[in-house]
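Remarks on the overall topology
The chain contents come next:
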Amino acid sequence: MASISTLTNPTFTSSSPSVRVKSCEARPIVDLQVRSFSSSRLSIQRSRPQRIPLIVGCAKADGNGSHTKRTTLHDLYEQQGQSPWYDNLCRPVTDLIPLIASGVRGVTSNPAIFQKAISTSEAYNEQFSELVKAGKDIDSAYWELVIKDIQDACKLFESIYDQTDGADGYVSVEVSPRLAQDTKETVEAAKWLHKLVNRSNVYIKIPATAECIPSIMEVISLGISVNVTLIFSLPRYEAVIDAYLDGLEASGLSDLSRVTSVASFFVSRVDTLVDKMLEKIGTPEALNLRGKAAVAQAALAYKLYQEKLSGPRWEALVKKGAKKQRLLWASTSVKNLAYSDTLYVAPLIGPDTVSTMPDQALQAFVDHGKVSRTIDANLSEAKGIYSALEKLGIDWNEVGSQLEVEGVDSFKKSFDSLLITLADKANALNLVSH
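Note that the structure is a prediction, hence the values are computed from the model and not measured. Counting from 1, residues in each chain are numbered in the order their sequence is written. Owing to the predicted nature of the model, reporting of local features is limited to residues with pLDDT of at least 70; listing and counting of side-chain atom pairs is limited to 80 or more, with chain, interface and lining totals taken over all residues. Side-chain measures were taken over the full set of non-hydrogen atoms in the model, leaving aside hydrogen atoms and water.

1. Some words on the packing of aromatic side chains
Two aromatic rings, taken as a pair, are described by how far apart their centres are and by the angle between their planes. Put simply, the rule is: The pairing test for Phe, Tyr and Trp rings, Trp by its six-membered ring, is centres within 6.5 Å, and the orientation test on the planes gives stacked under 30 degrees, edge-to-face over 60, and tilted for anything in between. Categorising residues by exposure relies on relative accessible area from a 1.4 Å probe, with only protein chains included: less than 20% of the type maximum marks a residue as buried, more than 50% marks it as exposed, and the intermediate range marks it as partly exposed. To qualify as a helix, a DSSP run of H or I must reach at least 4 residues; to qualify as a strand, a run of E must reach at least 2; elements of each kind are numbered from the N terminus.
In this structure the tally under the stated criterion is twelve aromatic pairs. With centroids separated by 5.0 Å and ring planes inclined at 75°, the aromatic side chains of Y142 and W143 adopt a geometry described as edge-to-face. With respect to class, Y142 is no different from W143; both count as buried. Arranged with centres 5.2 Å apart and planes meeting at 90°, the rings of Y142 and F415 form a pair that is edge-to-face. With Y142 in helix α5 (residues 138-163) and F415 in helix α15 (residues 396-428), this residue pair connects regions lying 273 residues apart in the sequence. Given the relative accessible area of 2%, F415 is considered buried. These aromatic residues form a ring-pair network of at least three members: W85, Y161, Y170 and Y203.

Quick look at the structure:
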């Protein structure tokens, strides 16, 4: 398998070679035999078994497989203007090559992804050993492991970034989740990460907590591109848009074209929580709304996006080269197996958006996803669902607040757990000096 250093502006086409690897969990990622799939926008359907001709995972490559074919991911971008991204990152990073050839146009990562990758793979041992022998503490060693993966992934997506004039081809890395309630330190961490990664196509991820909204504005004003993460409610999303606009206006830059952003609006976790509330209410009306809250709120978020990124204020920024802060659909894997396995992808297709998909969602959509504009195809229905949930006593602000707390806490636990794992690994390798 080629090393990153030899991959100079790789160009991926439908005839690019795929790479068959031994998955560390033998989990499927892309099934390249595409079948049509017809479903109602808000319907609930049982998942169907998948055929798996291509497997990509975090392990050593054992040779090249067959050529990849054109997939629905290409159609998603070319026909509907939505960028499919991959919500995972691990070594060897070159395992991303067949996914890029299959239509993936960016990568997202988070502390939980790196916790899983580093703690379950031996691919990081050599670099980790060298870092600790060189006197690096565990925290510093962690960041160097992460930064190398991010830099290597950025190299792979560099050609997409260049071909789209900086509109696509990004790789996201998140500031420490320990800083989610610290405005000033989040800004400093974002500046530090951006400087160390030193790649044009990196997104620095900052959580959309109340404390970090000012951080987002300041980091944008410094000309650093940001992926705003952990957005669970419409009011918080509007605050994120305002922070982006405020940051662009405060930047003082004459050319805003290289300052971009995505707003990661989480979907499946919303249904997980709201469904529990509806089951507690227990009425037929409440039970009938299960599995519909997340997509309905997402549709309204897209409407808000259209409203906020238009008009005189936005047009003034466009004259300076500003690009829209795209909506990114995150948490797209289905948690309830009774629901369609494309429930958080298929109904959210629309222009100027991103859908970042983990293995299960990506495979399902490539296998039987249907490409058509759906995000605003039934806006009145979305409004009706949103209002019906409110009438049943569902407090959307409370839902958003609870999910935000849980999301931040989950990432903190993953981050802390990985540092403990690395400390144990250092001890096991007799690397810690006493």
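2. Things to note about the pairing of strand β3 (residues 82-86)
Put simply, the test is: For two strands to pair, DSSP has to find at least two bridges joining them.
Extensive coverage of β3 is indicated by the burial of five of its five residues. Across five bridges, β3 lies against strand β9 (residues 353-357) in parallel orientation. Across the sheet, the residue bridging to Q82 is T353, located in β9.

3. Describing the pairing of strand β5 (residues 202-207)
Applicable threshold: By convention, orient the strands away from the viewer: a clockwise path from the first strand over the helix to the second makes the crossover right-handed.
Within β5, six of the six residues are buried, which leaves the element mostly enclosed by the surrounding structure. Neither face of β5 is exposed, since V202, I204 and I206 on one face and Y203, K205 and P207 on the opposite face are all buried. Where strand β4 (residues 171-174) lies against β5, four bridges are found, and the strand directions are parallel. Directly across from V171, in β5, lies its bridge partner V202. In this region the chain leaves β4, passes through helix α6 (residues 183-197) and returns to the parallel neighbour β5; the handedness of that crossover is right-handed. Where β5 and strand β6 (residues 226-231) come together, four bridges link them in parallel fashion. Note that in β6 the partner of I206 across the bridge is V228. Taking the sense of rotation as the criterion, the β-α-β connection linking β5, helix α7 (residues 213-221) and β6 turns out right-handed.

4. Some details on the packing of α5 against α6
Here is the rule: Fitted lines through C-alpha atoms serve as axes, helices being fitted only where they are in contact, and the angles separating the N-to-C directions of these axes extend from 0 to 180 degrees. The scheme is simple: roughly parallel for angles under 35 degrees, roughly antiparallel for over 145, roughly perpendicular for 65 to 115, oblique for anything else. The handedness criterion is simple: a crossing whose near helix is rotated anticlockwise from the far helix by less than a right angle is left-handed, and one whose near helix is rotated clockwise is right-handed. Contacts were defined at the residue level, with two residues in contact if any of their heavy atoms lie within 4.5 Å. As a working rule, the residues Ala, Val, Leu, Ile, Met, Phe, Trp, Tyr, Cys and Pro are called nonpolar, Asp, Glu, Lys and Arg charged, and the rest polar, with Gly in that last group.
Taken N-terminus to C-terminus, the directions of α5 and α6 make an angle of 55°; their axes are 10 Å apart at the nearest point. Considering their axes alone, α5 and α6 lie oblique with respect to each other. α6 is crossed by α5, and the crossing has right-handed handedness. For the pair α5 and α6, the contacting residues are W143, I147, I150 and Q151 in the first and W192, L193, L196 and V197 in the second. Residues that form the contact of α5 with α6 fall into these classes: seven nonpolar, one polar and no charged.

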